[in-house]
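Chains, contacts and geometry: an overview
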Amino acid sequence: MNKMKRRDFLLNTIPAAALLPEVINGYSVKAFNSNSPLVQALMRGNTLTDHVLVIVQLSGGNDGLNMVIPVADYSNYYNARTNIAIPQNRVLSIAGVTGTGIHPSMTGLQTLFSEGKAKLVQAVGYPQPNFSHFRATDIWMSGSNSNQEVYSGWAGRYLNYEYPDFPTGYPNTDMPDPLAIQIGSTTTLTTQGPTVNMGMSITNPTNFYNLINGTTDPAPNTPAGKELSFIRQVNQQTQKYSTVIKAAANAVTQQSAYPANNSLADQLKIVARLVAGGLRTRVYMVSFGGFDTHSVQVNAADTTTGAHATLLQRVSDAIKAFQDDLRFLNVEERVVGMTYSEFGRRIKSNSSTGTDHGAAAPMFLFGSQIDAGMLGVNPTIPSSATVNDNIPMQYDFRSVYATLLEKWFCLEKTVVDSLFPPNVNSQLQSLPLLKAGACSGITPPPPTPTDVVITNSPNPFTNSTTIKFTTDGGHVLIQIIDTLGRVLKILVDREYTAGTYTADFNSEGLPTGIYYARFQNGIIQQVRAMMKVR
Amino acid sequence: MDRRDFLTARKRKKASASPQPFRTNSGINTYTGPWTEQEIVHLLKRTMFGAKRADVNYFKNLTMSQAVDELLTPTAPQPAPPVKEYATSGNATTPDTNIIQGTTWVNDINSDGTVQSQRRASYKKWWTGVMISQDRSIREKLIMFWVDHFGNEATEVGNANWIYKQHSLIRQYALGNFKNLVRDITKDVAMLRYLNGYLNNKNAPDENYARELFELFTLGKGPGSQYTENDVKEAAKVLTGWQINGATYTSVFNINRHSTTNKTFSSFFNNTVIIGRTGATAGDLELDDLLNMTFAQQEVAKFLVRKIYRWFVYYTIDAGTESNVIEPLADIFRANNYEIKPLLSALFKSEHFYDMLNRGCLIKTPSDQVIGALREMNVQFRPDTDWDTNYGLWNTFYSWMVNMGQNPHDPPNVSGMPAYYQEPNFHEIWINSDSLPKRNQFTDTMINSGYARNGFRVQFNCVQFAQGLSNPGNPNDLIEEALRLFFRNDLSAQSKAQIKTQILLTGQQWDYYWTNAWAAYEASPTTANFNTVNTRLKSLFQYFFNLSEYQLA
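Just so it is clear, the structure is predicted and the values come from calculations on it, not from any experiment.

1. Brief notes about the overall build of chain A
Along its length, chain A carries 14 helices and 19 strands. Sequence separation of 24 or more characterises 71% of the internal contacts of chain A that already satisfy a separation of 6 or more. Put simply, chain A shows about 19600 Å² of open surface, and 51% of that area lies on carbon and sulfur atoms.

Okay, here's the thing in structure tokens:
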């Protein structure tokens, strides 16, 4: 099963004498008969794909502004957070991108950018951001709006769509493997389906190696210890996926090198092994914590080092080792990964050499099928940032999820829309994250950064200002957002034919300060900063 | 059913046993060690279904001796009998239309098969409910012990009125006199039916009950029990003549069917001769002689003590345990004329019972798992007047026990539940690749959705449980205190830290995130604040209940 080709993978699941129609996305193979009852069964509500998504959760609220530095706006950046700012000449460049760089400890990620295997999405967030870890984490995992309680996870709903009867009748010959695997934690909201959790968890790497080696943790030499060992053994045997996991793990005899003392690397190493070993599991989740850097985020003597730097280095090294291992194991084209954190941090640093909870932050995507480079622009940093200023969102995180579901897991757009809470839908964008042909759709080219499609005049303004926007047609959404990231007003939310239009923003009753007009039209989005003065 | 057929058809096979860990030489001297929450939880998990926090706190104010005395001296009234929660059957030939729903069926003579099938279900639901709302004593656990000891199968007996009567008899004697219990259960209608006593007549004596009387109920089949096949035949003759009055549901003695000859027993019984009586009292008189003869054997006390030991302490009885615990307890049992209370008192006050090596080593039965969990999580039901909701919900929990392999009053056969006798694995039989996932599924379901009937939902309320702890705002204290109630075996500090970080803090580093979330909920119990703490507590408890440690008591 080592170094399995895609075609071999498919052949293992379907009898040889069948032909699939070309409409099945995710494969370039035409070898099977769509009239076969088995294929019909597979096609019913089940998208055939060998694509894998790896979700890397950075817990605590990662300081995106020190991870991705707006070099083109360096002086504002430096003024806002002098005591923790990364020196301009130490910022690492991103291949094919000017004006934006990454933290000096992320050399691994820099290499991935050069190899065309990494994407940076700027300022990902959502309206009315929540600054509580617990609530914000739930929002990111469920895909809910800020004011909604949703008790299932976005990946859980996706898996429930693909495998509607789970767990009844699972495992089976069509899907003998876990639907999702979480390593390093317990099953989270992300994979919670409408009734059951769709994933299984391997609480820590030790448990994984115990499972595949058939060992249990030591127990005291007492009657209680004896019974405990007995029960643990039965537990292991009854882990209904233990057989397939062991088989997959044993199919991989060698992996490339991973950094030591890196718990994220430990987790990703297991993921690579299971993917290469042949599990049909589509979603893997790993997590890495410690990002809640309220204080001593950097070493004062050298701001490129310190707590945050160490965390980012581990993330970068782990992901690089993982990507290299996927290539070594010949499964690189099957895997896409993403990083996220429940929120970014404040633009202005605090006096404890740290940062407090913020709003939007950048996400990384990685993989050989990623459309490399940067999506979005540097966030606007106010020239005199106050403690209340936050990075406004350029992209809604639900759009990232939706894009992965549509362009990587090859779902119909209508299906994707149905997996998110209703009033999110008008804001779901299909973003240019994947290479063309990852599914059979064609990815439209991203807009060039120099096209300005939204302006306002006068700016600054006292009472009202006229916003002018240009569209190629389709649905246009313009939101007015304050510096805390709250959507104050939806100025425009309707269909247009191609042309240039205006809309007035009346700021009666609102305090002076910066307001953002966020324009969204198809895949195009731009944020215009507007200043209200006395 | 003739158990002999069952046995010869399927040989008991010895599976390979895991090596025996260190056993203790402690005996029945009164325990004088610490009396802390740990000892109380240990005592309650063994003598009751689960250790409810309220009960644990109650016993903290008593000494060990006082606590055991109270557990052995129930003052609560016996529960009201089961009621007709089922609808009058449309299929029955003689439906019990005369019994109004919500009133009891236990005194109503109706032998229609369909009606009795409904009543058997009713009995099972009722008994489950009784155990869930057990009084603060050993009573319900002990009743389950005796029901299993006498191993009748309700489905085989068929008539639920008879089964309920047997249950009531056991309930009456549970903490009373064992010898009298055996005497009365010999004449019990359900027992007569189950072990063919009602067919046992002088022309063709049926040995079924006689055999089980010796082998299963009084003497056992160990080396100290040397009764012969002829003893069984003679005992069968002693027991001839009993019949069931189908019109009154009582047992009657028919001298015409009774063997009036003398019955001679083997040297094991000191060559006792039981004089054959004539007349209406023959049955009772000869039975008394039979029991006097049997109970004169030292082995009876030892046999019963070993059964009690396996039920309440551990299944391994090595030479040390036999001489330090079983024999002295047997002496006490005999000296007290087979009153059960002095025996239990000595056991639960002994050094041996509180020995560290005897803690946390019993695998929970399905009833411990289901009923214990419901009690520990304080699940409340409806008032008695809402029998429809209650019986419906109790049925769900009864079904779970059956699902996990235990059907109260319907053991696989008259030997009772294999967990208590099957060498060499005993209670490890409860845990296999089918039953263990079901145990986890039960607690998962009770945490995530529970069950609803008539708009009333029963579910584990994790927030409420946390509120009952002494310091739920501190995540470390919360975990410690919860684990002290749920687990008998501690987790490592590392595991606890990992659990705290991954679950209560959902990946965050700082304890105060939990503290603040809890404080926010207490200050303002909005839906959002409730959900924040509830989702984490649910994950926490689900994780605890899925760990192997949770299966031990």
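2. Describing the overall build of chain B
Scanning chain B from terminus to terminus reveals 25 helices and six strands. Expected size for 553 residues packed as a compact globule is a radius of gyration near 24 Å; at 25 Å, chain B falls within 12% of this value. Along the first, second and third principal axes, the C-alpha atoms of chain B reach 85 × 60 × 45 Å. Among the 553 residues that make up chain B, the fraction classed as buried is 59%. Counting only contacts in chain B whose residues sit at least 6 apart along the sequence, the fraction spanning at least 24 positions is 72%.

3. Section: the side chain of Glu481 of chain B
All names here are of chain B. With respect to the element layout, Glu481 can be found in helix H22 (residues 475-486). Glu481 sits in the buried class, given a relative accessible area of 5%. Look past the residues within four positions of Glu481 in its chain and what remains in contact with it is Arg53, Leu469, Ser470 and Asn471.

4. Side note on the sheet that holds strand S17 (residues 499-506) of chain A
All names here are of chain A. Ordered by their spatial adjacency, three strands build an open sheet running S13-S14-S17, and the pairing between neighbours is antiparallel. The open sheet has two edge strands, strand S13 (454-457) and S17, and neither has a second partner. Shown here is a sheet whose adjacent strand axes are inclined to one another by a mean of 25°, direction ignored. As defined by bridge partners, strand S14 (residues 464-471) adjoins S17 across eight bridges and the pair is classed as antiparallel. Bridge pairing in S17 places Phe469 opposite Tyr501.

5. Here we look at the packing of aromatic side chains
As enumerated under the stated definition, the model contains 69 aromatic pairs over all chains in all. Seen from their ring centres, Phe381 of chain B and Phe397 of chain B are 6.1 Å apart, and the 90° between their planes marks the pair as edge-to-face. Here Phe381 of chain B, found in the loop between helix H18 (366-376) and helix H19 (387-403), pairs with Phe397 of chain B, found in helix H19; they are 16 residues apart in sequence, far enough to count as distant. Summarising the burial analysis for this pair, Phe381 of chain B and Phe397 of chain B share the class buried. Note on Phe487 of chain B and Phe544 of chain B: the rings are 5.8 Å apart at their centroids and 65° apart in plane angle, and the pair reads as edge-to-face. Separated by 57 residues along the polypeptide, Phe487 of chain B in the loop between H22 and helix H23 (493-504) and Phe544 of chain B in helix H25 (residues 527-546) bring together distant segments of the chain. Sitting above the plane of the Tyr496 of chain A ring, Arg494 of chain A keeps its charged end 4.0 Å from the centroid. The lysine or arginine in question, Arg136 of chain B, covers the ring of Tyr58 of chain B, its NZ or CZ lying 3.6 Å from the ring centre.

6. Describing the state of the cysteines
Residue and element names in this part refer to chain A. The final tally for this structure, using the stated rule, is one disulfide over all chains. Two residues, Cys410 and Cys439, share a disulfide whose sulfurs are 1.9 Å apart. Taking the sign of the S-S torsion, about -85° here, the bridge from Cys410 to Cys439 comes out left-handed. Pair noted here: Cys410 is in the loop between helix H13 (397-407) and helix H14 (413-418) and Cys439 is in the loop between H14 and S13, with a separation of 29 residues, a long-range link. The buried category is assigned to Cys410, whose relative accessible area is 6%. Relative accessible area serves as the criterion here: at 7%, Cys439 is assigned to the buried category.

7. Re the interface of chain B and chain A
With 47 residues of chain B at the contact, the number on the chain A side is 33 residues. In total, about 3100 Å² of surface goes out of reach between chain B and chain A, with carbon and sulfur atoms giving 57% of it. For the pair chain B and chain A, the interface holds three salt bridges. Its salt-bridge partner being Glu428 of chain B, residue Lys226 of chain A comes within 2.8 Å of it at the nearest N-O pair. Linking chain B with chain A are 18 residue pairs in polar contact (both at pLDDT 80 or more), by the criterion used here. Listing elements by their share of the side of chain B that touches chain A, those giving two or more residues are helix H20 (435-448), H23, helix H24 (512-523) and H25 of chain B. Per-element accounting of the side of chain B that touches chain A gives the leading share, seven residues, to H25 of chain B.

8. What to know about the pairing of strand S8 (residues 283-289) of chain A
Residue and element names in this part refer to chain A. Most of S8 sits out of view: six of its seven residues are buried. Bridging between strand S1 (residues 52-59) and S8 involves seven bridges; their strand directions are parallel. Its bridge partner lying in S8, Gln57 is registered against Ser287. As paired strands, strand S6 (residues 180-183) and S8 are joined by four bridges and run parallel to one another. Among the inter-strand pairings, Gln182 is bridged to a residue of S8, identified as Met285.

9. Regarding unusual backbone geometry
For the bond running from Ser457 of chain A to Pro458 of chain A, omega is -5°, close enough to zero to count as cis. You can see Pro458 of chain A is positioned in the loop between S13 and S14. Each neighbour pair has its own omega, and for Glu423 of chain B with Pro424 of chain B the value is -15°, a cis peptide bond. One can find Pro424 of chain B in the loop between H19 and H20. Residue Val296 of chain A is not a glycine yet carries a positive backbone phi of 45°. Structurally, Val296 of chain A can be placed in the loop between S8 and helix H12 (307-328). Take Val296 of chain A: its relative accessible area is 51%, and that puts it in the exposed class. Phi is positive for Tyr338 of chain B, which is not a glycine, with a value near 70°.

10. Comments concerning the environment of Leu485 of chain B
All names here are of chain B. Along the chain, the position of Leu485 falls in helix H22. As for Leu485 and Glu322, which are separated by 163 residues in sequence, their C-alpha atoms are 31 Å apart. Contacts of Leu485, omitting those with residues within four sequence positions, involve Val41, Lys45, Ala51, Arg53, Val56, Glu376, Phe465 and Leu469.

11. Regarding the pattern of salt bridges
Counted by the stated rule, this structure contains 49 salt bridges over all chains. Three or more residues joined by partner-sharing salt bridges are found here, namely Lys84, Asp96, Asp108 and Arg119 of chain B.

12. Quick notes on the confidence of the model for chain B
All names here are of chain B. Mean pLDDT over chain B stands at 93; residues scoring 70 or higher make up 96%. Across residues 1-19, confidence stays below pLDDT 50; counting only partners more than four residues off in sequence or on other chains, it has 32 contacts. Predicted complex metrics record ipTM = 0.87 and pTM = 0.78.

13. Observations concerning empty space enclosed by the protein
Residues and elements named next belong to chain B. Within this structure, the stated rule accounts for 12 cavities of 30 Å³ or more. Along the walls of the second largest cavity sit 17 residues, with Trp311, Leu362, Thr365, Asp368 and Tyr420 positioned nearest its centre. Going through the elements one at a time, helix H2 (37-47), helix H6 (139-149), helix H14 (298-312) and H18 are the ones with two or more residues in the lining of the second largest cavity.

14. Some words on the nonpolar core
Trp146 and Phe544 of chain B are the most contacted members of the largest nonpolar core, which totals 172 residues. The dominant element in this core, judged by the number of residues it contributes, is H14 of chain B, at eight residues. Leaving out residues up to four positions away in the same chain, Trp146 of chain B has contacts with Ile170, Ala174, Phe178, Leu181, Leu304 and Ile340 of chain B. Membership of the second largest hydrophobic core comes to 106 residues, among which are Ile202, Ala249, Phe322 and Leu428 of chain A.

15. Notes on H13 of chain A
When you tally the buried positions in H13 of chain A, you get 11 out of 11 residues, the bulk of the element. Within H13 of chain A, the full set of buried residues consists of Phe397, Arg398, Ser399, Val400, Tyr401, Ala402, Thr403, Leu404, Leu405, Glu406 and Lys407 of chain A.

16. What about the domain arrangement of chain B?
Residues and elements named next belong to chain B. Partitioning chain B into structural domains gives domain 1 (366-405 + 422-460) and domain 2 (463-551). Between domain 1 and domain 2, the residue contacts involve 13 residues of the former and 10 residues of the latter. The junction of domain 1 with domain 2 conceals about 1100 Å² of combined surface from both sides, 49% of it contributed by carbon and sulfur atoms. When the area that domain 1 buries against domain 2 is broken down by residue, the three leading residues are Glu376, Met377 and Ile447, summing to 44%. At the boundary of domain 1 with domain 2, the tally comes to zero salt bridges. For the pair domain 1 and domain 2, the number of links is four residue pairs in polar contact (both at pLDDT 80 or more). Mapped by element, the contributors of at least two residues to the side of domain 1 that touches domain 2 are H18 and H20. Among the elements that make up the side of domain 1 that touches domain 2, the one with the highest residue count is H20 (seven residues). By residue class, the composition of the side of domain 1 that touches domain 2 is six nonpolar, four polar and three charged.

Rules and cut-offs
- Residues numbered from 1 in each chain as written.
- Chains lettered and ligands numbered in written order.
- Predicted model: local features only at pLDDT ≥ 70, side-chain atom pairs only at ≥ 80, totals over all residues.
- Heavy atoms only, no water.
- Helix = DSSP H or I, 4+ residues; strand = E, 2+ residues; numbered from the N terminus.
- Contact = heavy atoms within 4.5 Å.
- Areas by Shrake-Rupley, 256 points an atom, 1.4 Å probe, with all protein chains shown as cover.
- Rg over C-alpha atoms; globule rule 2.2 N^0.38 Å.
- Buried < 20%, exposed > 50% of the residue type's maximum accessible area, 1.4 Å probe, protein only.
- Pairing = 2+ DSSP bridges.
- Axes fitted to C-alpha atoms, helices over the stretch in contact; angles between N-to-C directions.
- Phe/Tyr/Trp six-rings, centres within 6.5 Å; stacked < 30°, edge-to-face > 60°.
- Lys NZ or Arg CZ within 6 Å of the ring centre and 35° of its normal.
- Disulfide = S-S within 2.5 Å.
- Buried area = accessible area lost by both parts, 1.4 Å probe.
- Salt bridge = Lys/Arg side-chain N within 4 Å of Asp/Glu carboxyl O.
- Polar contact = N/O pair within 3.5 Å; in protein donor to acceptor, adjacent residues only side chain to side chain.
- pLDDT = per-residue confidence, 0-100.
- 1 Å grid on protein atoms, 1.4 Å probe; cavity = no way out; pocket = protein on both sides within 12 Å on 5 of 7 lines; lining within 4 Å.
- Points joined across faces, edges and corners; volume = space filled by probe spheres on them.
- Core = buried A, V, L, I, M, F, W, Y, C linked by side-chain atoms within 4.5 Å.
- Domains from an automatic or database assignment.
- Nonpolar A, V, L, I, M, F, W, Y, C, P; charged D, E, K, R; others polar.

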